[in-house]
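# Commentary on secondary and tertiary structure
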Amino acid sequence: MSSSKHSELSGEGHTAEMEEWIAVEPPGSPPPMGPSTSPDDPTYRPPSFQSAQFDVILRRQRQRPPQGSGMKSTAVPSRFFHLPNTFEFSGWGTVSRFELQEPELLKGEDDIQRARRSITLGQFTASAVAGNSILGGVFYTLPAVVAVAGVFSPISLFVATMLLWLWRPIMEELASALPISGAPYTYLLNVGSKNMALIGAALLLLDYAATAVVSAATAVSYLAGEVKLPFPIVVGTLLVFAIFTGVSLSGLRESARIALVVLTIHLITMLALFLASMVAWGRTGNSQISHNWHAGRQNLSADDIVRQVFDGICIGILGVTGFECIPSYASSIKQGCFPKVLRNLHYPAILVNVLAMLLVLALVPLDTVGANVLSVLAENAAGRWLRVVTVVDAVIVLCGGVLTGILGACELFERLARDRLLPQLFLRRLPVTNAPAYSICGFAAFSFVLYATSGASLDIISKMFSLVWLAVMTLFPLAVLLLKFNRGRLAREKRTPLYAVFFTLAVVAVIIGGNIAIDPTIVGYAAAYFVVIAAFFYGTMKTSRFVHAILWLYDQSSWLQRTLWARNWGTRLTTAMSHLRREPVCILVKSDEINVLFHKLLYVSQNEETSCLKLVHFYDDEYGIPSEMEANWKILDEAFPEITVDLVLVQGCFTPSSVAALAHRLNIPTTLMFMSCPGPRFSYSVAEFGTRIISL
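Residues numbered from 1 in each chain as written. Predicted model: local features only at pLDDT ≥ 70, side-chain atom pairs only at ≥ 80, totals over all residues. Heavy atoms only, no water.

Right, let's talk about the overall build of the chain for a bit. Along its length, the chain carries 26 helices and 8 strands. By residue count, 52% of the 696 residues in the chain fall in the buried class. (Helix = DSSP H or I, 4+ residues; strand = E, 2+ residues; numbered from the N terminus. Buried < 20%, exposed > 50% of the residue type's maximum accessible area, 1.4 Å probe, protein only.)

Laid out in structure tokens, this is it:
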């Protein structure tokens, strides 16, 4: 093709010297008709209907500098008037081919085996980690439910705890499809957008912190209601945090075993309390429960009774707080044990809450029910010794709720650090116990700040906790709905009917509305803390964009550029921006379809702070490299001038160990490697790759 034809096709502003053309022939196209070719020539045939749908495609490409040198540029005017905008553009990408060597594959296989060895929690130890928070909630749930439901509290608690049946199949489906830690943040990250995942992370962090603070403060308050403490409740709460921070630093395996011991003590204590109360009930008869029943129903209409039962359900469902923590350490639970963990905790939660409330009505006057109601029940049933045992058990098991919050937060911090939303020091572990020291200490400090900013008010933290917990529980049906819509091909062992998902969303919406109606101030407390945390996470995700905005403001302020102390700000800000965007990410691709590749790069451009992207394709001798892979890569490299797009062709099989080996070779963690959703016949689990799913 002549240079004049080049210019004619490319339009104004381009010359033949700056362009090259890629001709893509249609499949099965007839040979072109030359000057000497006659339409009557028998060797020339018109195209078939199928091949007539295609034509020769001429794609203009800028001349690429050799070996990817030089910077990309564009004719679009810059928004900066006084400063150069070269920092907005990256260099040209390069193409490379290699085969992973045996030492690299061995290192990758070692990573896979190490991850498999970290799966240490069986059904009982995994149940104990969250069980102390779930079953220990009876100590503060009963007084709260009695305050709104009165004599109808057993009915409210039974309905509230039974509602957890709606969440169990949803959690099982999510855990079987995405058995990874940090859920539901990681669920939303893999099935939705990163902004939605950050909302989940903010809610989770608040939930874990509120769980730990409420558990610690309630434990000390429970103890202060029985004996005179030599220190204020605030000091006691800090002591509890210090003790369980040390326990957590001993490592997850040891912490889980300690949690199992604590839960076992609690269940034995509850069993003794229930048996003693039943014996006392049989000895004293039904006089007390009959008196409570008649006193609680006086001057109540049918509407009042329905309202009391409904309010009791809205408050009573908080008695199962802790279930949201189970998926957060799903990657450490042995295969097949996750549904058993849910079962092991759900049935005891129903029994403990309902039976305890019923026995309270049978032995304790309704108008005397207070914060230490179970210790009063114990004394009425068997005397002072059982009351002492119950108080000790309350303190221990509520302190175990602190451990639940710490372990859940550690999994979340580690995942956020791997996604570069927190500093990498949160990934460092102690050499002996392998405990994430920075995550544990950072969470303890954050919980203290949360407690201090509330004025050390347990009432404020409890109100905030109630709405935050319900918001977190809303994330699970929302995540499974997105899983069905965006990642429907992903293999899983269980599928929840769609009507059950919508019904769960409706139920949780009604419960949230009921709690707000009971106490509208909970919205203000929860929103205030949530906005601060969400803004912090959003700032860490969009740091370079904030720097870019500051640089633009500096560019618009000519007087600032003339001052001596701010003269070098432009250089420093552009250097900082380049530093923030230097870390590469990787996209694992299977086909060369340009629309699929474009949407993957668009996801990176919108969600990741990077100017370096590796487009990786694994190939073997049987299938080879897709014909349009390199041509489409060139187009995409030109289409995103702010990102250097390198094409990496790796000869070998696509397996978890080879991806882990590639992560070592490219120095890119697997959490920053993105892939399409695998189908139901895919040979490996998504958790083994450790990658993020970003497309259908």
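There's more to say after this.
Before going further, it helps to examine a nonpolar patch on the surface. Judged by side-chain polarity, Ile155, Phe158, Val159, Met162, Trp165 and Tyr347 come together as a nonpolar surface patch covering roughly 520 Å² of accessible area. Broken down by element, the nonpolar patch gets its largest block of residues, 4 residues, from helix H5 (residues 153-162). Mapped onto the secondary structure, tyrosine 347 falls in helix H13 (residues 338-363). (Patch = residues over 30% accessible without salt bridge, like charges linked within 9 Å, V, L, I, M, F, W, Y side chains within 5 Å. Areas by Shrake-Rupley, 256 points an atom, 1.4 Å probe, with all protein chains shown as cover. Salt bridge = Lys/Arg side-chain N within 4 Å of Asp/Glu carboxyl O.)

This part takes up the sheet that holds strand S5 (residues 612-619). The 6 strands are arranged S3-S6-S5-S4-S7-S8 in an open sheet whose pairing can be described as parallel. Every interior strand has two partners, whereas the edge strands, strand S3 (95-99) and strand S8 (692-695), have only one. Pairwise comparison of adjacent strand axes, ignoring direction, gives a mean angle of 30° for this sheet. Relative to strand S7 (residues 673-676), strand S4 (residues 585-589) runs parallel, the two sharing 2 bridges. Note on S7: the bridge partner recorded for cysteine 586 is methionine 673. Sitting on the sheet, helix H24 (residues 629-639) touches S3, S4, S5 and strand S6 (644-651), and the angle it makes with S6 is about 160°. Set on the sheet, helix H25 (residues 656-666) makes contact with S3, S4, S5, S6 and S7; between it and S5 the angle comes to about 145°. (Pairing = 2+ DSSP bridges. Axes fitted to C-alpha atoms, helices over the stretch in contact; angles between N-to-C directions. Contact = heavy atoms within 4.5 Å.)

In this section: the packing of helix H4 (residues 138-149) against helix H12 (residues 302-316). At a minimum axis separation of 8 Å, H4 and H12 run at an interaxial angle of 160°. Taken together, the axis directions place H4 and H12 in an arrangement best described as roughly antiparallel. Relative to H12, H4 is oriented so that their crossing is right-handed. Packed against H4, whose contacting residues are Thr141, Ala144, Val145, Val148 and Ala149, the element H12 presents Gln308, Asp311, Gly312, Ile315 and Gly316 at the interface. Classifying every residue of the contact of H4 with H12 gives 5 nonpolar, 4 polar and 1 charged. (Parallel < 35°, antiparallel > 145°, perpendicular 65-115°, else oblique. Left-handed = near helix turned anticlockwise from the far one by under 90°. Nonpolar A, V, L, I, M, F, W, Y, C, P; charged D, E, K, R; others polar.)

So, on to the pattern of salt bridges. The final tally for this structure, using the stated rule, is 17 salt bridges. Arginine 692 is paired through a salt bridge with aspartate 419; the nearest N and O atoms lie 3.7 Å apart. Of the two residues, arginine 692 sits in strand S8 while aspartate 419 sits in the loop between helix H15 (384-418) and helix H16 (437-453), which places them 273 residues apart along the sequence. Sharing partners across several salt bridges, the network here consists of Lys194, Arg415, Asp419, Glu608 and Arg692.

Our focus in this paragraph is helix H17 (residues 458-486). Helical geometry: 3.6 residues make up each α-helical turn, so side chains three or four residues apart lie on a common side. The first and last C-alpha atoms of H17 sit 41 Å apart over 29 residues, in line with the 42 Å expected at 1.5 Å per residue. Of the residues flanking the start of H17, the one acting as N-cap is serine 457, its side-chain oxygen 3.3 Å from the backbone nitrogen of isoleucine 460. (Expected span 1.5 Å × (residues − 1). Polar contact = N/O pair within 3.5 Å; in protein donor to acceptor, adjacent residues only side chain to side chain.)

What follows is about the packing of aromatic side chains. Considering all chains together, one arrives at 15 aromatic pairs under this definition. Note on phenylalanine 152 and tryptophan 293: the rings are 5.7 Å apart at their centroids and 75° apart in plane angle, and the pair reads as edge-to-face. Of the two residues, phenylalanine 152 sits in the loop between H4 and H5 while tryptophan 293 sits in helix H11 (residues 287-297), which places them 141 residues apart along the sequence. Since its relative accessible area comes to 34%, tryptophan 293 is described here as partly exposed. (Phe/Tyr/Trp six-rings, centres within 6.5 Å; stacked < 30°, edge-to-face > 60°.)

With that settled, the discussion passes to the environment of threonine 404. The residue threonine 404 is located in helix H15 in this model. With near-sequence residues (within four places) excluded, threonine 404 lies in contact with Val129, Ala130, Ser133 and Cys325.

Residue placement: threonine 610 occurs in the loop between helix H23 (594-607) and S5. A relative accessible area of 1% means that threonine 610 is categorised as buried. Engagement of the side chain of threonine 610 in a polar contact is seen with the backbone oxygen of cysteine 612, the distance being 3.0 Å. When neighbours within four sequence positions are excluded, threonine 610 is seen to be in contact with Arg581, Glu583, Pro584, Val585, Val604 and Ile643.

Right, let's get into the pairing of S5. The buried count for S5 comes to 8 of 8 residues, which makes it a mostly enclosed element. Burial along S5 is two-sided: the face carrying Cys612, Lys614, Val616 and Phe618 and the face carrying Leu613, Leu615, His617 and Tyr619 are both buried. Pairing geometry for S4 and S5, over 5 bridges, is parallel. Bridge pairing in S5 places valine 585 opposite leucine 613. Once you follow S4 into H23 and on to S5, the crossover reads as right-handed. For S5 and S6, the ladder comprises 8 bridges, and the chain directions are parallel. Bridge assignment links histidine 617 to a residue of S6, and that residue is leucine 649. (Right-handed = clockwise from strand over helix to strand, strands pointing away.)

Here the focus is the confidence of the model for the chain. Scored by pLDDT, the chain has a mean of 83; 86% of the residues are at 70 or more. Contacts from residues 1-37, a stretch scored under 50 in pLDDT, to residues over four places away or in other chains number 56 contacts. Taken together, the stretch residues 52-58 has pLDDT below 50 and engages in 16 contacts with residues farther than four places along the chain or on a different chain. (pLDDT = per-residue confidence, 0-100.)

What follows is about the environment of phenylalanine 448. Considering the arrangement of structural elements, one finds phenylalanine 448 in helix H16. Expressed as a C-alpha distance, the spacing of phenylalanine 448 and phenylalanine 241, which sit 207 residues apart in the sequence, is 8.6 Å.

With 162 residues, the main nonpolar core has Ile326 and Leu374 as its most contacted residues. Ranked by residue count, the leading element in this core is helix H8 (residues 194-224), at 19 residues. With residues near it in sequence (within four places) discarded, leucine 374 still touches Val138, Phe139, Leu142, Tyr222, Leu273, Ala356, Val360 and Thr390. The next biggest cluster of nonpolar side chains, apart from the first, holds 38 residues, and it includes Leu588, Val604, Leu613 and Phe689. (Core = buried A, V, L, I, M, F, W, Y, C linked by side-chain atoms within 4.5 Å.)

Further remarks concern unusual backbone geometry. That bond from alanine 183 to proline 184 is cis: its omega, 0°, falls within 30 degrees of zero. Among the structural elements, proline 184 can be located in the loop between helix H6 (167-177) and helix H7 (185-191). Phi is positive for alanine 456, which is not a glycine, with a value near 55°. With respect to the helices and strands, the residue alanine 456 is situated in the loop between H16 and H17. Phi angles above zero are rare outside glycine, and asparagine 667 is one such case at about 60°. Mapped onto the elements of the fold, asparagine 667 is located in the loop between H25 and S7.

Packing of helix H3 (residues 123-136) against H15 leaves a shortest axis separation of 7 Å and a crossing angle of 130°. The angle between H3 and H15 places the two elements in the oblique class. Relative to H15, H3 is oriented so that their crossing is left-handed. Judged by residue contacts, Val129, Ala130, Asn132, Ser133 and Gly136 of H3 engage Val397, Leu398, Gly400, Gly401, Thr404 and Leu407 from H15.

On to the environment of arginine 429, then. Here arginine 429 is to be found in the loop between H15 and H16. For arginine 429, a relative accessible area of 36% puts it in the partly exposed group. For the pair arginine 429 and leucine 249, spaced 180 residues apart in sequence, the C-alpha separation works out to 9.5 Å. Ignoring anything within four residues of it in the chain, the contact list for arginine 429 reads Glu414, Asn434, Ala435 and Pro436. Of the polar contacts made by the side chain of arginine 429, one reaches the side chain of glutamate 414; its length is 2.9 Å.

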